[in-house]
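Results of the structural survey
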Amino acid sequence: MILQTINERLMQDSAAAQQEILDRFKEEMEAIAHRWGDDAKNKAERTLNAALTASREAMMTTMHDCAIAAPESLRCEVESTTTWLASSIRESRRVATMNLIAASMTIFAAGLVLWVLG
């Protein structure tokens, strides 16, 4: 009976020791899981920050390129419009000169008719 009591006591001590080991193991696993979660969160934040930085730099580059391209495009449009207007003005002057010559000839012919008849 004493042997049985000692056996029971040893089994209880062993069970208590195993429970304590399991509790410590559980705590360590929870700590590891927590660290992994923090590590994953930190890596995700770093990745997100890197993506935001790259996006910001890409937007700045695009804005810079557009700021350079817009005036150049405007200059080309103004030059083409100015060229078109200059040719239109030359054509208008040519027509106006021909009209003046035709009007002068008409006045001269009318004067000549009046002089001959008069």
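Here is a short report on the structure shown in this document. Because the structure is a prediction, the values reported are computed rather than measured. (Residues numbered from 1 in each chain as written. Predicted model: local features only at pLDDT ≥ 70, side-chain atom pairs only at ≥ 80, totals over all residues. Heavy atoms only, no water.)

Right, let's talk about the overall build of the protein for a bit. A tally of helices and strands in the protein yields one helix and zero strands. Computed over the C-alpha atoms, the radius of gyration of the protein is 50 Å, more than 25% above the 13 Å expected from 2.2 N^0.38 for a compact globule of 118 residues. Its C-alpha atoms give the protein principal-axis dimensions of roughly 170 × 20 × 10 Å. Out of the 118 residues belonging to the protein, those deemed buried represent 0%. With the model as given, the accessible surface of the protein reaches about 10800 Å², and the carbon-plus-sulfur share is 67%. Across the protein, the 12 positively charged side chains and the 16 negatively charged ones have centroids separated by 12 Å. (Helix = DSSP H or I, 4+ residues; strand = E, 2+ residues; numbered from the N terminus. Rg over C-alpha atoms; globule rule 2.2 N^0.38 Å. Buried < 20%, exposed > 50% of the residue type's maximum accessible area, 1.4 Å probe, protein only. Areas by Shrake-Rupley, 256 points an atom, 1.4 Å probe, with all protein chains shown as cover. Lys, Arg positive; Asp, Glu negative; His and termini not counted. Charge placed at Lys NZ, Arg CZ, Asp CG, Glu CD.)

So, about a negative patch on the surface. A surface patch of like charges, here negative, comprises Asp23, Glu27, Glu28 and Glu30. Within the secondary structure, aspartate 23 is located in helix α1 (residues 2-117). (Patch = residues over 30% accessible without salt bridge, like charges linked within 9 Å, V, L, I, M, F, W, Y side chains within 5 Å. Salt bridge = Lys/Arg side-chain N within 4 Å of Asp/Glu carboxyl O.)

Considering all chains together, one arrives at five salt bridges under this definition. Taking the shortest distance from any N to any O, the salt bridge between glutamate 91 and arginine 94 comes out at 2.6 Å. Taken together, the positions of glutamate 91 and arginine 94, both in helix α1 and three residues apart, correspond to about one turn of that helix. Among the residues examined, glutamate 91 registers a relative accessible area of 39% and is labelled partly exposed. Of the residues examined, arginine 94 reaches a relative accessible area of 42% and is grouped as partly exposed.

It is worth stressing that arrangement in space is one thing and function is another; only the former is reported here.
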